[in-house]
Amino acid sequence: MCGIFAYTGKKESLPILLDGLTSLEYRGYDSAGIYMAETGSVKSVGAVENLKLKIKGDEKGKSGIAHLRWATHGEPTEINAHPHHDAKEHIWVVHNGIIENFKELKEFLTKRGRVFLSSTDTEVLAHLISYYLDEKKNFEQAVIAALNDVKGTYGIAVSYKNEPEKIIAARQGAPVVVGIGDGENFIASDPSPILRYTKDVIFLQDGEVIVITPSSHLIYKLDSSQIKRDKETIEWEVEQARKSGYEHFMLKEIMEGPEVIENTIRGRLIVEEGLAKLGGLEMVAEKLRSMKRIIIVGCGTAYYAGLVGEYMIEEYAGIPVEVEVGSEFRYRKPLIDEHTILLAVSQSGETADTLEAIREAKRKGVLTLGIVNTVGSTIARETDAGIYNHAGPEMGVASTKAFVSQLAALSLLTLFLGRQRQMSLSTGKRIAEEIKLLPEKIKQITDKKEEIQKVAQKYSEARDFLYIGRKYNFPIAYEGALKLKEVSYIHAEGYGAGEMKHGPLAMIDEHFPTLAIVPSDSVYEKNVSNIQEIKARKGKVVSVVTEGNKELDDLSDDTIKIPKTLEMLSPILTIVPLQLFAYYFATTKGLNVDRPRNLAKSVTVE
Ligand code: M6R
């Protein structure tokens, strides 16, 4: 997600702000900006280097705020880059997160004569704070009043032209760290830009507001009561801080699963009506109602997400779905008519094969949709409509958090399409309720990471691994195997469990282990039979099972337990232990899981 940084102290702030942004660059971003009360703002699209080129050299001031933007609302343009300001250019805000009720707030403010310049959700914050200043509140009171009106997530830093020494920051669902220095204080999205100045920090909690000056810091709650919090000393190195203390981005991103699902579904579920509200599909909703066939395209992990989507949409929305890898779609003669739509799934939004499939479909007059993580990416721009994942930038080459968010987005789409058709209110409600519970259930799995680490270490000498699953978890067998292949470089194969006796069973012996995905679902008994066949050939089996299952404790060599959920949502849980398994398997071998050999994060060539 976006990165915020702020400084107030005795030094010239410009080099400190630029250094801060450079330290946050690893988070991924598409535009950058700074504001210093004495000389105003500078913004640019692209790298921090572009921002530096726009600096004239006469920018001055002992405090300032800075931002790296990773677009969520509005394209990555200079006008949408932060900091955003009110009409008088007195209040300046940098923000990481999403203001869910920004449309209502914008309407309220527009009616009161405020004019908006950008298409961001953040700009409402600047106008709202300014509105409360006009209502005779002081700076602190105005910020707190505005935050009480806001729904959504934020990590913000606010600067007020008339009180340049003071910076106000606040947190709700997006991290804010406060660096406590000697005659200087800092705000940042993570400790990495602060550590070179001070190791003393305060991690702000949700619902807290902090007011910093060079020599003070005061913490408030949203009811304006003041609270005390001791600073803590962190001994992390900068690199560790970027990974929130984890050793690798891959582990950090797997552990972010609960938060990622929260972000993907936020504001998109109306549980009591069993509905999914997908703003990005509103303008094509009528076309989708009459659509009769979906072709999903994607590559690698995104393709496997599409395969899960096929099961979901066919079962619950009753629409025939085909899934195709991007690199094949354009080389055959797809049979398309006016009732067919193409849905592209892509984390980066830049994958050449997927993009070319979209272009080919558009040439044939097909409506194209995207499930894309990167706002403003080529696929996001070239598709007719779509759903953003809001998973935040993914740094590890092996896709983990993007996959769970793609599955969550597909479950929302299934609900959306299903309720346009035959899906009953009660089925819709059940799905919506279960989707809401997913973050907590993922957390129950990630909390057991040490257990999964032990299992992975036990098998880390294996040269081959077979992954099996059925129905919704058939694609998860593919995705689990892909994770192991790409980070550990060993041979891993995903197979439909029912296909075992049509060939792969020949490979099984005591040196060829199997990872079986066997939640308690409609195909459970069939899977158990396949595991028995493997055991009869002396194959070792690690089973991913639903909590409470005792049968497979006896039958398998190792079991990993996951919470119960709806069958259609089970892949969102079963994949998490497989991601952790691949991570620990590879790190036990000392491999660089974040940068596997021969691979690139974004594949922009065919
Ligand atoms: O950015 P995309 O989702 O379009 O990328 C597609 C694949 O290149 C990607 O999922 C790749 O397979 C990952 N390395 C898998 O972990």
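Data block above holds the structure.
Residues numbered from 1 in each chain as written. Predicted model: local features only at pLDDT ≥ 70, side-chain atom pairs only at ≥ 80, totals over all residues. Heavy atoms only, no water.

Participant: Sorry if this is basic, but what is going on with the site of the ligand here?
Facilitator: The environment of the ligand is formed by 14 residues, the closest being Ser346, Gln347, Ser348, Thr351 and Glu486. Contact distances for the ligand include 2.6 Å between an oxygen atom and a side-chain N or O atom of Ser348. Between an oxygen atom of the ligand and a main-chain N or O atom of Ser399, the distance comes to 2.8 Å. Calculation on the ligand without its partners gives an accessible area of 410 Å², and the protein chains cover 91% of this total. Going through the elements one at a time, α10 (300-317) and α17 (474-488) are the ones with two or more residues in the shell around the ligand. Here the shell around the ligand is built from residues that sort into five nonpolar, seven polar and two charged. (Near = heavy atom within 4 Å. Polar contact = N/O pair within 3.5 Å; in protein donor to acceptor, adjacent residues only side chain to side chain. Areas by Shrake-Rupley, 256 points an atom, 1.4 Å probe, with all protein chains shown as cover. Helix = DSSP H or I, 4+ residues; strand = E, 2+ residues; numbered from the N terminus. Nonpolar A, V, L, I, M, F, W, Y, C, P; charged D, E, K, R; others polar.)

Participant: Mind showing me how you'd approach α17 here?
Facilitator: Residues that lie three or four places apart on an α-helix share one face, since the helix turns once every 3.6 residues. With 15 residues, α17 should reach 21 Å at 1.5 Å per residue; the first-to-last C-alpha distance of 22 Å fits that figure. The element α17 is largely enclosed, with a buried count of 12 among its 15 residues. Listed in full, the buried residues belonging to α17 are Pro475, Ile476, Ala477, Glu479, Gly480, Ala481, Leu482, Lys483, Leu484, Glu486, Val487 and Ser488. Just downstream of α17, Tyr489 is the residue with a positive phi angle, here 65°. (Expected span 1.5 Å × (residues − 1). Buried < 20%, exposed > 50% of the residue type's maximum accessible area, 1.4 Å probe, protein only.)

Participant: What's the story with the side chain of Ser159 in this structure? I'm lost.
Facilitator: Structurally, Ser159 is set in strand β7 (residues 154-160). Excluding residues that lie within four positions of it along the chain, Ser159 makes contacts with Tyr35, Ile65, His90, Ile91, Trp92, Phe139, Lys166 and Ile167. (Contact = heavy atoms within 4.5 Å.)

Participant: Which parts of the structure should I look at to understand a nonpolar patch on the surface?
Facilitator: Where nonpolar side chains cluster on the molecular surface, the patch consists of Ile79, Val115 and Leu117 and spans about 310 Å² of accessible area. Within the secondary structure, Val115 sits in the loop between α3 (102-111) and α4 (123-134). (Patch = residues over 30% accessible without salt bridge, like charges linked within 9 Å, V, L, I, M, F, W, Y side chains within 5 Å. Salt bridge = Lys/Arg side-chain N within 4 Å of Asp/Glu carboxyl O.)

Participant: I keep staring at the side chain of Thr414 and nothing clicks. Help me out?
Facilitator: Inspection of the secondary structure assignment puts Thr414 in helix α14 (residues 401-420). From its side chain, Thr414 meets the backbone oxygen of Leu410 in a polar contact 2.7 Å long. With near-sequence residues (within four places) excluded, Thr414 lies in contact with Met312, Ile313, Tyr316, Ala317, Met423 and Met568.

Participant: Just to check I follow, could you spell out the packing of aromatic side chains for this structure?
Facilitator: Within a pair of aromatic rings, the relevant descriptors are the distance that separates the centres and the angle that separates the planes. Inspection of every chain in the model, using the stated rule, returns 17 aromatic pairs. Ring centres 5.3 Å apart and planes at 80° place the aromatic pair Phe108 and Tyr131 in the edge-to-face group. In this pair, Phe108 is assigned in helix α3 and Tyr131 in helix α4, connecting sequence segments 23 residues apart. You can call Phe108 partly exposed: its relative accessible area is 27%. Between Phe465 and Phe581 the ring centres are 5.4 Å apart and the planes differ by 75°, which places this aromatic pair in the edge-to-face class. Of this pair, Phe465 sits in strand β23 (residues 464-469) while Phe581 sits in helix α20 (residues 570-588); the two residues are 116 residues apart in sequence, bridging distant segments of the chain. You'll find Phe465 and Phe581 in the same group, each marked buried. Put simply, the rings of Tyr459, Phe465, Tyr467, Phe581 and Phe585 pair up and form one aromatic cluster. Directly above the aromatic system of Phe108 lies the positively charged group of Arg112, at a separation of 3.8 Å from the ring centroid. Lying across the ring of Tyr489, Arg597 places its NZ or CZ 3.9 Å from the centre. (Phe/Tyr/Trp six-rings, centres within 6.5 Å; stacked < 30°, edge-to-face > 60°. Lys NZ or Arg CZ within 6 Å of the ring centre and 35° of its normal.)

Participant: I keep staring at the environment of Thr587 and nothing clicks. Help me out?
Facilitator: Inspection of the secondary structure assignment puts Thr587 in helix α20. Spatially, the C-alpha atom of Thr587 lies 9.8 Å from that of Gln453, the residues being 134 residues apart in sequence. In contact with Thr587, other than residues within four places in its own chain, are His248 and Val593. Within the local environment of Thr587, its side chain forms a polar contact with the backbone oxygen of Tyr583, the two atoms lying 2.8 Å apart.

Participant: Before we go on, may I ask you to explain the packing of α14 against α20 in this structure?
Facilitator: Angle between the axes and distance between the axes: these two values describe a pair of packed helices. It is at 10 Å that the axes of α14 and α20 come closest, and there the two elements cross at 175°. Relative to α20, α14 is oriented roughly antiparallel. Along its contact with α14, which presents Phe403, Val404, Leu407 and Ala408, the element α20 presents Pro571, Ile572, Ile575, Val576 and Gln579. Of the residues in the contact of α14 with α20, the class split is eight nonpolar, one polar and no charged. (Axes fitted to C-alpha atoms, helices over the stretch in contact; angles between N-to-C directions. Parallel < 35°, antiparallel > 145°, perpendicular 65-115°, else oblique.)

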